[in-house]
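Observations on the model geometry
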Amino acid sequence: MNQRRNLDGARLAQEARQGNRRALARLLSLVENGAPAGLIALSELFPYTGQAHIIGITGSPGAGKSSLLNRLAHAFRQSGTRVAIVAVDPTSPFSGGALLGDRLRMRTLINDDGIFIRSMASRGHPGGIARATHDAVMLLDAVGYPVILVETVGAGQAQVDVARVAHTVVLVEAPGMGDDIQALKAGLMEIADIIVVNKADRPDARQTMRMLQSVRHGGPSGHHGPGGDAPAPPADADAWEVPILLTSALEERGIAELQAAILAHRQYLSASGQWAARLAQHARAEVELWLRRHFEALQTAHLPPERWESAVDAVAARQAAPAAVAQNLLEELLASICHRRRGEC
Ligand SMILES: Nc1nc2c(ncn2[C@@H]2O[C@H](COP(=O)(O)OP(=O)(O)OP(=O)(O)O)[C@@H](O)[C@H]2O)c(=O)[nH]1
Ligand SMILES: [Mg+2]
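Residues numbered from 1 in each chain as written. Chains lettered and ligands numbered in written order. Predicted model: local features only at pLDDT ≥ 70, side-chain atom pairs only at ≥ 80, totals over all residues.

1. Regarding the overall build of the chain
Along its length, the chain carries 13 helices and 7 strands. Expressed as a percentage of its 345 residues, the buried residues of the chain come to 33%. By sequence separation, contacts in the chain at least 24 residues apart represent 75% of the contacts at least 6 residues apart. (Helix = DSSP H or I, 4+ residues; strand = E, 2+ residues; numbered from the N terminus. Buried ≥ 20, exposed ≤ 12 C-beta atoms within 10 Å, placed from the backbone. Contact = placed C-beta atoms within 7 Å.)

2. Focus: the packing of helix α4 (residues 65–78) against helix α10 (residues 255–272)
The description of two helices packed together rests on the angle between their axes and the distance between the axes. Orientation of α4 relative to α10, taken along the N-to-C sense of each, is 70 degrees, at an axis distance of 10 Å. By the criterion of interaxial angle, the relationship of α4 to α10 is roughly perpendicular. Note on element contacts: α10 touches α4 through I255, A256, L258 and Q259, opposite R71, L72, A75 and F76. Of the residues in the contact of α4 with α10, the class split is 6 nonpolar, 1 polar and 1 charged. (Axes fitted to C-alpha atoms, helices over the stretch in contact; angles between N-to-C directions. Parallel < 35°, antiparallel > 145°, perpendicular 65-115°, else oblique. Nonpolar A, V, L, I, M, F, W, Y, C, P; charged D, E, K, R; others polar.)

3. Let's talk about the pairing of strand β1 (residues 53–59)
In terms of residue burial, β1 counts as a mostly covered element, since 7 of its 7 residues are buried. Both faces of β1 are covered, namely the face carrying H53, I55, I57 and G59 and the face carrying I54, G56 and T58. In terms of strand pairing, β1 meets strand β4 (residues 147–151) through 5 bridges, oriented parallel. If you follow I54 over to β4, its bridge partner there is I148. For β1 and strand β5 (residues 168–173), the ladder comprises 5 bridges, and the chain directions are parallel. Considered in β5, the bridge of G59 is made with V172. (Pairing = 2+ DSSP bridges.)

4. Let's talk about the nonpolar core
If you look at the biggest cluster of nonpolar residues, it comprises 70 residues, and the most contacted ones within it are L27, I55, V86, L139, I148, L149 and V150. Per-element accounting of this core gives the leading share, 9 residues, to helix α6 (residues 128–142). Inspection of this core shows a minimum of three residues originating in each of domain 1 (1–48) and domain 2 (50–272). Once residues within four sequence positions are removed from consideration, V150 is found in contact with I54, I55, G56, I57, V86, T133, V137, V162, V165 and A166. (Core = buried A, V, L, I, M, F, W, Y, C linked by C-beta atoms within 7 Å. Domains from an automatic or database assignment.)

5. Examining unusual backbone geometry
Within the chain, K199 stands out as a residue other than glycine whose phi angle is a positive 65 degrees. Mapping K199 onto the fold places it in the loop between β6 (194–197) and α9 (205–216).

6. Things to note about the confidence of the model for the chain
Chain-level statistics for the chain give a pLDDT mean of 82 and a share of 77% at 70 or above. Every residue in residues 219–232 is under pLDDT 50, and counting partners more than four places away or in other chains gives 18 contacts. (pLDDT = per-residue confidence, 0-100.)

7. A word on the sheet that holds strand β3 (residues 115–120)
Ordered by their spatial adjacency, 7 strands build an open sheet running β3-β2-β4-β1-β5-β6-β7, and the pairing between neighbours is parallel. Because the sheet does not close on itself, it has two edges, and the strands there are β3 and β7 (244–246). Recorded for the sheet is a direction-independent mean angle of 20 degrees between the axes of neighbouring strands. Sheet topology places strand β2 (residues 83–88) next to β3; 6 bridges connect them, and they run parallel. Bridged to V88 within β3 is M120. Packed onto the sheet, α9 meets β5, β6 and β7 and runs at close to 175 degrees relative to β7.

8. Brief notes about the packing of helix α12 (residues 305–316) against helix α13 (residues 322–340)
Taken N-terminus to C-terminus, the directions of α12 and α13 make an angle of 165 degrees; their axes are 10 Å apart at the nearest point. Classed by the angle they form, the pair α12 and α13 counts as roughly antiparallel. Here α12 and α13 pass one another in a crossing that is right-handed. The segment α12 lies against α13, with A311, A314 and V315 engaging P322, V325 and L329. (Left-handed = near helix turned anticlockwise from the far one by under 90°.)

Following this line, the structure appears as structure tokens:
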């Protein structure tokens with residue numbers, strides 16, 4: 001059985017590399033479900049990864065991420081670049097509402113062999129959506145898509161997680177965001193390489209843009225200190241200046257500028273050595289995630305649920321401290337592994 005799985009994973013990996021879309025779709029499902037054949041394929045394909053430019057699209061719910069991604073994908077196709085899309089979204093960007101009624105364009109994208117769309121439901125992924133996204137992006141990179149667009153779902157951690165997989169993070173906001181400015185200051189702007197105010201067809205878009213500019217430059221309410229009178233750190237001439245762009249996915253305005261900014265960021269990463277630095281960061285995140293995954297598998301295999309329950313109960317009843325309980329569990333886990341390996345440990 002194991003051998004059969006190995007063969008399936010390896011064969012599918014080979015077929016997907018040769019451009020077989022069905023094999024790729026099948027592999028993505030296997031990987032999303034955490035199936036062993038999928039994991040084997042991931043390992044087989046790993047040497048081919050590290051080529052794609054991975055672009056994360058994040059931002060407030062309803063800001064127009066899917067609509068923009070749709071426009072961007074089309075722009076990349078027009079310049080002859082093959083594109084893969086990972087939409088972590090309960091509704092596919094190509095299924096209705098977000099399409100702004102542009103059905104003809106949608107059909108062009110769907111019938112286009114140079115584009116691959118993977119819409120992932122935000123539930124039902126063992127190991128979480130961040131893990132599933134990571135794996136899907138790796139596969140698409142390995143089979144040779146030079147540009148991968150990833151849309152994050154919702155707000156919060158998922159938005160920050162995208163920075164762990166993307167080379168370029170595009171933060172999309174829309175006019176009238178008000179209190180969100182606080183949330184932006186709290187961290188999202190730090191991970192953004194490009195900031196977009198979408199829905200520029202609305203009259204309040206410029207005001208939102210000015211607000212974002214003042215936050216970025218540490219204006220009166222910015223992060224360089226109260227009153228903005230603390231000396232600004234010296235500007236590094238080689239540093240990337242995060243552009244703030246206006247777009248309208250609805251009226252198809254500002255899309256070429258956004259694409260140009262993305263390409264400029266890609267060039268900046270290479271020229272400054274940041275590309276290699278991000279690859280190293282991603283490698284670290286990958287190894288950490290896999291280590292956690294292996295450890296969780298060991299826990300499941302070696303610590304029976306009733307053992308967990310009794311440990312938790314002891315802590316809840318204040319009979320034992322959590323650190324001591326965890327230490328005991330770890331020792332039991334190691335002993336169990338040792339025992340199953342007949343003492344070879
Ligand atoms: N006026 C205007 N509406 C837009 C624009 N872009 C998107 N919308 C509308 O805004 C709504 C949300 O668009 P989506 O593209 O689904 O936004 P999203 O950020 O992907 O939303 P979630 O994935 O649900 O967070 C839809 O009704 C779009 O038609 C734009 O440029 N101008
Ligand atoms: Mg969306």
